[in-house]
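Spelled out from the first residue to the last, the chains are:
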Amino acid sequence: MRLDKYLCDALGATRKEATKIIKSGDVTVNDVIQKNGSVKVTDNSVVEWQGREIQKPGPRYIMLFKPDGFVCSHEDGFNQTAFMLLDEVKMEDLHFAGRLDVDTTGLVLITDDGKWSHRITSPKHKCEKTYRVWLADPIGSDYAEKLAHGIELRNEKMPTLPAKLEIVDPKENELLLTITEGKYHQVKRMFAALGNKVEHLHRERIGQIELDETLEPGEYRFLTQEEIDSVWH
Ligand code: URA
């Protein structure tokens, strides 16, 4: 593909804008400044603008460590949005593959590939999500069994699908819960139905994609090809 076309597709720029950017001398291909838009770039080329890599045109897949206090939406009149943490072009094309509550932290996947995100969010595919949960009161000895059988939630016709509980630290009321659905406030409502209260909730895993431990709250990175492909398996 020509360099100018690459920039048009990747940045959403017009051909005229792409030509101007290239002529400025700020664009490198594999560390060599290129001022000619007709130069060819391949899948393996590293294209940078002002020292920052421009992702290849095509679908984007991002993992974000959502901090407390950010909402998963494009706009919010009150809170900061998780999109504010991204420094990317064509933001309007991106959406969340499953939201978190404003006070929930952890793994959020963001993409512009609707089929891919549907695979994660559609109840049909039963994609596992693992949450680290801290409860206000001790973990009941009957919780694992009740969660495995399904919990009746208020205003829901069907009980929840089987969920897996793993106690992490009983003194801190800390556990891991794996569910395959994504009902509104699901984890909080499940523990409320058991007579407890979620003090803090943190998502660690979606399918086979784990929150990268090197990310700080508010940081993000693009998924590896292996992580992207794992959603289809
Ligand atoms: N369940 C909840 O209650 N809240 C979340 O943010 C995610 C799952």
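Reading the values: rules and limits
- Residues numbered from 1 in each chain as written.
- Predicted model: local features only at pLDDT ≥ 70, side-chain atom pairs only at ≥ 80, totals over all residues.
- Heavy atoms only, no water.
- UniProt positions renumbered as here; feature names shortened; annotations may be inferred.
- Salt bridge = Lys/Arg side-chain N within 4 Å of Asp/Glu carboxyl O.
- Helix = DSSP H or I, 4+ residues; strand = E, 2+ residues; numbered from the N terminus.
- Pairing = 2+ DSSP bridges.
- Contact = heavy atoms within 4.5 Å.
- Axes fitted to C-alpha atoms, helices over the stretch in contact; angles between N-to-C directions.
- Near = heavy atom within 4 Å.
- Polar contact = N/O pair within 3.5 Å; in protein donor to acceptor, adjacent residues only side chain to side chain.
- Areas by Shrake-Rupley, 256 points an atom, 1.4 Å probe, with all protein chains shown as cover.
- Nonpolar A, V, L, I, M, F, W, Y, C, P; charged D, E, K, R; others polar.
- Domains from an automatic or database assignment.
- Buried < 20%, exposed > 50% of the residue type's maximum accessible area, 1.4 Å probe, protein only.
- Core = buried A, V, L, I, M, F, W, Y, C linked by side-chain atoms within 4.5 Å.

The protein is annotated in an unreviewed UniProt entry as Pseudouridine synthase from Vibrio aquimaris. The Function (unreviewed entry) comment attached to the protein in UniProt states, word for word, "Responsible for synthesis of pseudouridine from uracil-516 in 16S ribosomal RNA."

It is worth spelling out the pattern of salt bridges at this point. The full count for this structure, using the stated rule, is 16 salt bridges. Of the charged contacts in the structure, one is a salt bridge between Arg-52 and Asp-87, with a shortest N-O distance of 3.4 Å. Separated by 35 residues along the polypeptide, Arg-52 in strand E4 (residues 52–53) and Asp-87 in the loop between strand E7 (80–81) and strand E8 (95–96) bring together distant segments of the chain. One network of salt bridges, with partners in common, ties together Arg-2, Asp-4 and Arg-15.

What follows is about the sheet that holds strand E2 (residues 32–33). One open sheet holds the four strands; their spatial order is E2-E1-E3-E4, and the pairing between them is antiparallel. Where the open sheet ends on each side, the last strands, each with one partner, are E2 and E4. The sheet contact formed by strand E3 (residues 47–49) and E4 spans two bridges and is antiparallel. Looking at E4, one finds that Glu-48 is bridged to Glu-53. Its contacts with the sheet place helix H1 (residues 3–11) against strand E1 (27–29) and E3, and it is angled at close to 70° to E3.

Attention now moves to the site of the ligand. Contacts to the ligand come from Leu-100, Asp-101, Thr-104, Tyr-131, His-185, Gln-186, Val-187, Lys-188 and Leu-201. A distance of 2.7 Å is found between a nitrogen atom of the ligand and a side-chain nitrogen or oxygen belonging to Asp-101. The separation between an oxygen atom of the ligand and a polar side-chain atom of Thr-104 is 2.9 Å. Across the complex, the protein chains shield 95% of the 240 Å² of accessible surface that the ligand would expose by itself. When residues of the shell around the ligand are assigned to their parent elements, the largest contribution, three residues, is made by helix H5 (residues 186–193). Taken together, the residues of the shell around the ligand break down into four nonpolar, three polar and two charged. Lining the shell around the ligand are residues from two domains, each supplying at least three of them: domain 2 (61–122 + 209–230) and domain 3 (128–206).

What follows covers the UniProt feature "domain: RNA-binding S4" (unreviewed entry) in the protein. UniProt annotation of "domain: RNA-binding S4" (unreviewed entry) refers to residues 1–59 when read in the numbering used here. Structurally, residues 1–59 comprises 31% helix and 17% strand, and the distance from its first C-alpha atom to its last is 17 Å.

A large share of strand E12 (residues 174–179) lies buried, amounting to six of its six residues. Residue alternation in E12 divides its side chains into two sets, Glu-174, Leu-176 and Thr-178 and Leu-175, Leu-177 and Ile-179, and both sets are buried. Sheet analysis places strand E11 (residues 164–169) next to E12, joined by five bridges and oriented antiparallel. Paired with Glu-166 across the strands is Leu-176, a residue of E12. Connecting E11 to the next strand, E12, in antiparallel fashion are four residues, including Asn-173 with a positive phi near 55°.

The domains assigned to the protein are domain 1 (3–53), domain 2 (61–122 + 209–230) and domain 3 (128–206). Spacing between the C-alpha centres of domain 1 and domain 3 amounts to 49 Å.

So, about the nonpolar core. One finds Ile-110, Val-133, Leu-147, Leu-177, Val-187 and Phe-191 to be the most contacted residues of the largest nonpolar core, which totals 31 residues. Listing elements by their share of this core, those giving two or more residues are strand E5 (61–66), strand E9 (105–111), strand E10 (129–135), helix H4 (143–149), E12, H5 and strand E13 (198–206). Looking at which domains feed residues into this core, each of domain 2 (61–122 + 209–230) and domain 3 (128–206) gives three or more. Ignoring sequence-local partners within four residues, the contact set of Val-187 consists of Tyr-131, Val-133, Leu-177, Ile-179, Val-198 and Leu-201. Among the nonpolar cores identified, the runner-up in size contains 16 residues, and Met-63, Leu-107, Ile-206 and Val-231 belong to it.

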